[in-house]
Amino acid sequence: MASCSVISFSMIFVFIGIIHGWGTSSFDALTSVDLVNRKSVYRTPAFILTPGEVSNKYYRVEFPKGHVGVRGFDAEVVDEAGNPVSLFEVYLHHWIAYNVYVKKTEKEAFLKEGYYGSNNPSTRFVGNSGLCRYGPGSTSWGLGSETRHTNTTIPPPYAVEIGNSKKIPDGYEEMWEFNVHAIDTRGVEDRPGCTECRCDLYGVANDEHGLPLPKDYIGGFACCYDGTKCRLKEGFESTKRTLYMQYTIRWVEWSEHVVPLKKYLIDVTNTGSGCKAEYNTPTCSMSGFPTDCIDTRETTASLPEDGILIYAAAHQHTGGRGAGLYSANGEEICRSIPTYGIGSETGNEAGYVVGMSACYPEPGSVKISSKDILRLQSNYTTLRGRTGVMGIFNILVASPGDTASIISVKKSDPLHSGHGIEVTLNHPFVIVGLVGVIAAIGLALFYQVRKKQSEGYQALST
Ligand SMILES: *[C@@H]1O[C@H](CO)[C@@H](O)[C@H](O)[C@H]1NC(C)=O
Ligand SMILES: *[C@@H]1O[C@H](CO)[C@@H](O)[C@H](O)[C@H]1NC(C)=O
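Everything quoted here is computed from the prediction, not taken from an experiment.

A. Inspection of the environment of Tyr202 at higher detail. Mapped onto the fold, Tyr202 is located in helix α4 (residues 199-202). Every residue in contact with Tyr202, bar those within four places of it in the chain, is listed here: Cys197, Cys223, Cys224, Thr228, Lys229 and Cys230.

B. The arrangement of the site of ligand 2 in detail. Every residue lining ligand 2 is accounted for by Ile294, Thr296, Gly322, Ala323, Gly324, Arg335, Gln377 and Asn379. Secondary structure elements with two or more residues in the shell around ligand 2: β13 (294-301), β15 (320-326) and β21 (374-381). When residues of the shell around ligand 2 are assigned to their parent elements, the largest contribution, three residues, is made by β15.

C. Representation of the sheet that holds β21 within the structure. Spatial ordering of the open sheet is given by β13-β21-β15-β16, a layout of four strands whose pairing is antiparallel. Each edge of the open sheet is held by one strand with a lone partner, namely β13 and β16 (332-336). Between one strand axis and the next, the sheet turns through 15° on average, direction left out of account. In the sheet, β13 pairs with β21 via eight bridges, with the strands oriented antiparallel. Within β21, the residue paired with Arg297 across the bridge is Ser378.

D. The arrangement of the environment of Leu201 in detail. Topologically, Leu201 is positioned in helix α4. Residue classification places Leu201 among the buried residues on the basis of 24 C-beta atoms within 10 Å. For Leu201 and Lys229, which are 28 residues apart along the polypeptide, the C-alpha to C-alpha distance reads 8.3 Å. Not counting chain neighbours up to four residues away, the residues in contact with Leu201 comprise Asp190, Gly193, Cys194, Cys230 and Arg231.

E. Geometry of the pairing of strand β4 (residues 68-79). Of the strand pairs in this sheet, β4 and strand β8 (residues 158-162) are connected by three bridges, and their pairing is antiparallel. Within the sheet, the bridge partner assigned to Gly69 lies in β8 and is Glu161. Pairing analysis gives eleven bridges linking β4 to strand β10 (residues 241-253), with the strands arranged antiparallel. Paired with Asp79 across the strands is Leu243, a residue of β10.

F. Local environment of the nonpolar core. Counting 92 residues, the largest nonpolar core has Ile310, Ala312, Phe393 and Val397 as the members making the most contacts within it. Among the elements that take part in this core, strand β5 (residues 90-103) stands out by supplying nine residues, more than any other. Dropping the residues within four chain positions of it, Val397 is found in contact with Leu261, Lys262, Leu303, Gly307, Ile308, Leu309, Ile310 and Ile368.

Calculation rules
- Residues numbered from 1 in each chain as written.
- Chains lettered and ligands numbered in written order.
- Predicted model: local features only at pLDDT ≥ 70, side-chain atom pairs only at ≥ 80, totals over all residues.
- Helix = DSSP H or I, 4+ residues; strand = E, 2+ residues; numbered from the N terminus.
- Contact = placed C-beta atoms within 7 Å.
- Near = placed C-beta within 6 Å.
- Pairing = 2+ DSSP bridges.
- Axes fitted to C-alpha atoms, helices over the stretch in contact; angles between N-to-C directions.
- Buried ≥ 20, exposed ≤ 12 C-beta atoms within 10 Å, placed from the backbone.
- Core = buried A, V, L, I, M, F, W, Y, C linked by C-beta atoms within 7 Å.

Pasting the structure below:
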């Protein structure tokens, strides 16, 4: 239906242009490239939490179908009525959405058991474009408590490509899984400790598989696995809650006007022996003047291919004081800073990281060669020690060849602020053929475009 309306719409476009346009004095430079911005809202299946409890589950979920370009991915925990749930009550440790290739003959088993099930052995991660490819965390989209105020928007003409049938192996299907790790911190004795997964608070000495944890493992992911419970204040009781992850994907149908991005993760823990995601920060010694109570971790990394940086944002936990990405000669490529909540309302929870700033370099201004050695830095305050913190940069790059051929004209619609029309052409020769049409378009048509676009939005589906 979508592609249908695009085609018929383009025809009207040309027609009206011819009969209506030449005498128009104020015309805008439009082309027949009409990318309809779509938005799909979905929910994961419900998860149920009691005070102190951890839920770390994997769900098979819905995703936009077909060959599409994703331009944004927002998510939050909501209750049964769809109300956003405060981090004070449910700490969102992380969520990750990732795609897998499922062998068609194993599809049923996959739908039942997920990637980690034993009856779909051929299912495999699609993975990101390189660097830290640890498990699902390396792929697609994922954030933590900062989800509500971290900008995930990818500016046109770029997008993350999914559902390209040419890339899906024969006999396989691309499907999506969603991992949500949430901790119910109502009534817990030590809220920061529970969110940092301190082993003593969870009474955990063995990992999820029953294997003893190393003595020096005092906190982190291995102590707050699914079903564990953080210590509650004496006598605290409350009801169980039914919750969902609600996620909103902004996307366009794929076309030659969309430029694909590659995704890389650079993890500060990757200092030679792999990406571990988590690390601990010490408590600073108070003997000196405690102004420099900052733990600074660094690592270096190189991209497997040349790229033009389009987007960069870091992931840090509470205590984070920012992360930086630097070029070989020390120039700052991006600094991503946490926003801390300062209130009591949902989305502004005091003391929590409720957002991370994102960098949007002017496309073409930051070229990264595969020969460059990038440096990543992650800072945490050490006024108290912490376990299970992270310093991960999520970057999106375009291939230099794709970017060079783009001519991008942005026009904003004065009456519908926030919804600019983006016109992009990959091939200069297209312009020549379009000149007549371009000149012919009047404002009346312009507003028809707007109307059509807003109709392209999809309702909430669960
Ligand atoms: C996100 O970033 C894009 C690109 O820079 C910008 O246009 C948009 O306004 C930002 N959105 C928010 C909510 O800050
Ligand atoms: C990290 O902290 C050090 C020392 O205070 C500072 O020089 C550096 O600029 C900080 N880096 C970032 C990314 O904030």
